[in-house]
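A look at the structure
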Amino acid sequence: MKKKKNIFIIGSGFSSLSAACYLAKEGNNVTVFEKNNSLGGRARQFKEDGFTFDMGPSWYWMPGVFEKFFSDFGKKVSDYYKLKKLNPAYRVIFGKNSFVDIADNPEKICEEFEKIELGSGKKLKNYLKIAEENYKLGVEDMLYKMPGKSPFELVSLKTIKKIGFFLSNIKKDVRKDFKDPRLRSILEFPVLFLGAKASNTPSFYNFMNFADFGLGTFQSENGFYDLVEAMVELGKSLGVKYLTNQSVNKIIVQNKKVEKLLVNEKEFICDILISGADYNHTESLLEEKHRQYKPNYWKRKVFAPSSLLFYVGFNKKLKNVKHHNLIFDTDFEMHASEIYENPIWPTDPLFYANFTSKTNPKTAPNGYENGFFLIPIAINLSDTDEIRKKYFDFIIRKMELYTGQKLKNSIVYKKSFCVNDFKKEYNSYGGNAYGLANTLMQTAFLRPKIKSKLVKNLYFCGQLTVPGPGVPPAVVSGELVAGLINKN
Ligand SMILES: Cc1cc2nc3c(=O)[nH]c(=O)nc-3n(C[C@H](O)[C@H](O)[C@H](O)COP(=O)(O)OP(=O)(O)OC[C@H]3O[C@@H](n4cnc5c(N)ncnc54)[C@H](O)[C@@H]3O)c2cc1C
């Protein structure tokens, strides 16, 4: 009979929650240590003054990944929460009285494209056919078989045929087929989830366009946090222990093995340690000689953006907005270069506005609306109250102008979150929001490893390792690390 192992997991983000379930299912004693007072990592939720806010993710994409996760435990998503497909999936606002609503199926979206640019409907249909093939290969087939140990994981007859997709990029492909700047920005939007510019993202990732148009955008009954609660409920039923307000301060290594952890200055002896906290932070808890990656390694990496976030309560219902709204009133080029090449506070940023109370009325008091606004920004920017205020005024001004209503005097709740909070609350490198970008040179085996090369029983999961940023990859990451541990 296999001996039960004491497995500790640092952090309670989706990758940790997923790993915990898979390892507990194998009969191990699993304990999750979370430094904050609630579970979910960057996907925590808070409630204040009658408003409920998901703090991080809001786009529920790739529902199949979550269905597969629960089915591995003999469960279904619907055993835990109700999902609704949004229609329109989202609204893209280009200016005053100028917007495109993205419908809930590809045929209608093709028709909408055709209205904007003659011939683009047919081109989109072909583009989505290839994106769907890449989704089937990349997500349904390869993703679960790639713990990132060796380049050979990528090699198969099917992937060899796709080599061209790794040599070109999304921006080139989109611009070849579509001329209208609105269509281009709509098609380039999904790669933002991968954390890099479209020009720096291999064409293979066009499977995100299939995830967007082909599969659609979903919303669960009480917001994204339903998924956190469901995974925790499942974990508890398998015996996982979840401890909050438990900050891991030190990892103590003996004979190249993690021997114990210091958690809030108390010692815990373990057999295996997994960290779903930011990679660089985890290694900083080790003595220097046990760290695989030196400061220069991290400096050279392309990090996904940080974000300036606002959680806002309005004392009225807002008109002319949908659940998800992208304010794409200017070309992303300048904003992108101010994130990646020349990191400064953006001159004229694009932003995202979300109103969950449009779909889930319970997330705001009766007759009120809750708003979540996000501006992607470079990591490590100087973050002050004055700057936050400047951008908040900018957002409200633009929302008033583009949606034709007064908003400023209807604000009854406001909280912001930015670089300093990401660092303080999540020990995030540079205050990154979404981990390490999925560029060509940071894909699969080229990402930080899920198993330490220097400490035998130390593993990593989450958005800085494989497969990459986003909730579905985080859930897969937990499965990959658990699979590797079970195999070893
Ligand atoms: C604002 C925002 C919007 C997003 N939008 C979307 C979206 O719409 N759709 C989507 O799919 N993805 C989205 N993402 C990305 C997605 O949320 C993340 O990729 C995913 O949740 C990361 O999960 P993770 O497992 O890597 O861990 P994280 O969520 O990063 O969790 C790590 C945990 O480790 C804890 N920790 C750190 N140090 C210690 C320590 N020393 N001791 C104990 N605990 C520690 C932290 O407190 C944290 O809880 C968004 C992210 C953000 C921030």
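A brief report on the enclosed structure follows. (Residues numbered from 1 in each chain as written. Predicted model: local features only at pLDDT ≥ 70, side-chain atom pairs only at ≥ 80, totals over all residues.)

**A look at the sheet that holds strand 1 (residues 6–10)**
Heads up, the rule is: Two strands are counted as paired when DSSP detects at least two bridges linking them. Counting from the N terminus, the helices are DSSP H or I runs at least four residues long and the strands are E runs at least two residues long. To obtain an axis, a line is fitted to C-alpha atoms, over the contacting stretch when the element is a helix, and the angle between two such axes runs from 0 to 180 degrees between their N-to-C directions.
Read from one edge of the open sheet, five strands run 9-2-1-13-19, paired in parallel fashion. Among the strands making up the open sheet, the edge pair consists of strand 9 (241–243) and strand 19 (458–460). Strand after strand, the sheet turns through a mean of 20 degrees between neighbouring axes, direction not considered. Pairing of strand 1 with strand 2 (residues 29–33) involves five bridges; the strand directions are parallel. In the strand pairing of strand 2, Ile 9 is matched with Val 32.

**Thoughts on the site of the ligand**
Let me state the cut-off plainly: Throughout this description, a residue near a molecule or strand is one whose C-beta atom, derived from the backbone, lies within 6 Å of it. Classification used: nonpolar for Ala, Val, Leu, Ile, Met, Phe, Trp, Tyr, Cys and Pro, charged for Asp, Glu, Lys and Arg, polar for all others including Gly.
In the neighbourhood of the ligand, 37 residues make up the surrounding shell, with Gly 11, Gly 13, Ser 15, Gly 41 and Gly 462 lying closest. At the level of elements, helix 1 (14–25), strand 14 (306–314) and helix 16 (471–487) are the ones that each hand at least two residues to the shell around the ligand. If you tally residues by element for the shell around the ligand, the top one is helix 1, at three residues. Residues belonging to the shell around the ligand are distributed by class as follows: 16 nonpolar, 18 polar and three charged.

**Re unusual backbone geometry**
Filter applied, for reference: Remark: C-beta atoms are placed from the backbone, and a residue is labelled buried if 20 or more other C-beta atoms sit within 10 Å of its own, exposed if 12 or fewer do, or partly exposed between those counts.
In this model, Asn 87 is joined to Pro 88 through a cis peptide bond whose omega is 0 degrees. As for its position among the elements, Pro 88 is in the loop between strand 5 (83–85) and strand 6 (90–95). Positive phi, normally seen in glycine, also occurs at Asn 97, with a value near 55 degrees. In this structure, Asn 97 sits in the loop between strand 6 and strand 7 (98–102). One non-glycine residue, Asn 427, lies in positive phi territory at about 55 degrees. Note on placement: Asn 427 falls in the loop between helix 15 (419–426) and strand 19. Take Asn 427: there are 19 C-beta atoms within 10 Å of it, and that puts it in the partly exposed class.

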